[in-house]
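# Tertiary structure, described
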Amino acid sequence: YRQNPGKQIFSADFTHCCLAMNSNQFPHTMMERMLDEGYNFIYLEDEQNPGNPMALLWLYLAEDGSLVVHNIEIASNYERSVELKEWVADKMLNYAVTFAKDIGAKRALIGQAGHGKYFGEGSYIERKYGDNKVPYGLEKIGGYPFDKPYLDSAGRSEAYLLAEFK
């Protein structure tokens, strides 16, 4: 995984996320997240259409050293097939677990974002990880260099456990 700031700043635009640079809701948030080392994101490119992210994981490090998946985004043209949409989430979350282990995180979690295409009652996250809730209540490591941005999974009382490392 190589950082590419010129491309990463527009990742949310490709996945039609509310944090996109062309968004009226949170156009400054991408820049803030790129400046803050407590955040990261991983995107998946379509081999048939290189250069354009098809899906995106929003990540942050929690105060206890856990890697937290804040949200999963997928471009609308890839979400039409539920099977493909869930396959993408499975692969990306598996990668997040590997990434968490590689960076020495305490555990890998999915935050309770309360929004998004994969969250909510009866959703992929609830169906697959609903029985894996653990106490949480933590914020992002290092605080916030600006006003607290749109990060509603931080501070929630519970998260979903993906993996725990010794």
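Everything below is about the structure shown above.
Residues numbered from 1 in each chain as written. Predicted model: local features only at pLDDT ≥ 70, side-chain atom pairs only at ≥ 80, totals over all residues. Heavy atoms only, no water.

### Observations concerning the side chain of Asn71
For the record, the criterion: The helix and strand labels rest on DSSP assignments: H or I over at least four residues marks a helix, E over at least two residues marks a strand, and numbering proceeds from the N terminus. Each polar contact in these results corresponds to two N or O atoms within 3.5 Å; when the atoms are within protein, one needs to be able to donate a hydrogen and the other to accept it, and residues that are neighboring in sequence are counted only if both atoms are side-chain atoms. Only heavy atoms matter for contacts: two residues are in contact if any of them lie within 4.5 Å across the pair.
By the element assignment, Asn71 lies in strand β3 (residues 67-74). Separated by 3.3 Å, the side chains of Asn71 and Glu73 make a polar contact. Setting aside its immediate chain neighbours within four residues, Asn71 contacts Leu56, Leu57, Trp58, His115, Gly116 and Phe119.

### Let's talk about the packing of aromatic side chains
To be explicit about the condition: Each pair of aromatic rings taken from Phe, Tyr and Trp, with Trp reduced to its six-membered ring, is defined by centres within 6.5 Å and is described as stacked if the planes are under 30 degrees apart, edge-to-face if over 60, and tilted in the remaining cases. Exposed residues in this analysis have more than 50% of their type's maximum accessible area, buried residues have under 20%, and partly exposed residues fall in between, with area computed by a 1.4 Å probe over protein chains only.
Following the criterion strictly, the structure yields one aromatic pair and no others. Measuring from ring centre to ring centre gives 6.4 Å for Tyr124 and Tyr129, while their planes differ by 75°; the resulting arrangement is edge-to-face. When sorted by exposure, Tyr124 lands in the same class as Tyr129, which is buried.

### So, the sheet that holds strand β1 (residues 39-45)
Note the threshold: Think of it this way: DSSP has to see at least two bridges between two strands before they count as a pair. Here, axes are lines fitted to C-alpha atoms. For helices the fit covers the stretch in contact, and angles between N-to-C directions go from 0 to 180 degrees.
Here we have six strands laid out as an open sheet, ordered β1-β2-β3-β4-β6-β5, and mixed in their pairing. The open sheet has two edge strands, β1 and β5 (133-135), and neither has a second partner. Averaged over all pairs of adjacent strands, the angle between their axes in this sheet comes to 40°, without regard to strand direction. When β1 meets strand β2 (residues 53-61), the two strands line up antiparallel, connected through seven bridges. The partner of Tyr39 across the bridge, within β2, is Tyr60.

### Focus on the environment of Asn132
Considering the arrangement of structural elements, one finds Asn132 in the loop between α5 (124-129) and β5. Between the C-alpha atom of Asn132 and that of Ile110, which follows or precedes it by 22 residues, the distance is 9.9 Å. Ignoring any residue separated from it by four or fewer positions in sequence, one finds Asn132 in contact with Ala159, Tyr160 and Leu161.

### Notes on the pairing of strand β4 (residues 107-111)
Every other side chain in a regular strand lies on the same face of the sheet, so the side chains alternate between the two faces. To keep things clear, this is the line we draw: Seen with its strands pointing away from the viewer, a crossover is right-handed when the path leading from the first strand over the helix to the second is clockwise.
Where burial is concerned, most of β4 is hidden: five out of the five residues are buried. Covered by surrounding structure in β4 are Arg107, Leu109 and Gly111 together with Ala108 and Ile110, the residues of both alternating faces. Relative to β4, β3 runs parallel, the two being bridged by three bridges. Residue pairing for β4: Val68 is matched across the bridge by Leu109. Following the backbone out of β3, through helix α4 (residues 82-102) and into the adjacent parallel β4, one traces a crossover that is right-handed. Where β4 and strand β6 (residues 158-164) come together, five bridges link them in antiparallel fashion. Its bridge partner lying in β6, Ala108 is registered against Ala163.

### Focus: the pattern of salt bridges
Here is the rule: Only one rule defines a salt bridge in this text: a Lys or Arg side-chain nitrogen within 4 Å of an Asp or Glu carboxyl oxygen.
Across all of its chains, the model carries four salt bridges by this definition. Arg107 is the salt-bridge partner of Asp64, the closest N and O atoms lying 3.1 Å from each other. Of this pair, Asp64 sits in the loop between β2 and β3 while Arg107 sits in strand β4, placing them 43 residues apart in sequence. Taken together, the shared-partner salt bridges connect Asp64, Lys106 and Arg107 into one network.

By themselves these figures say nothing about function.
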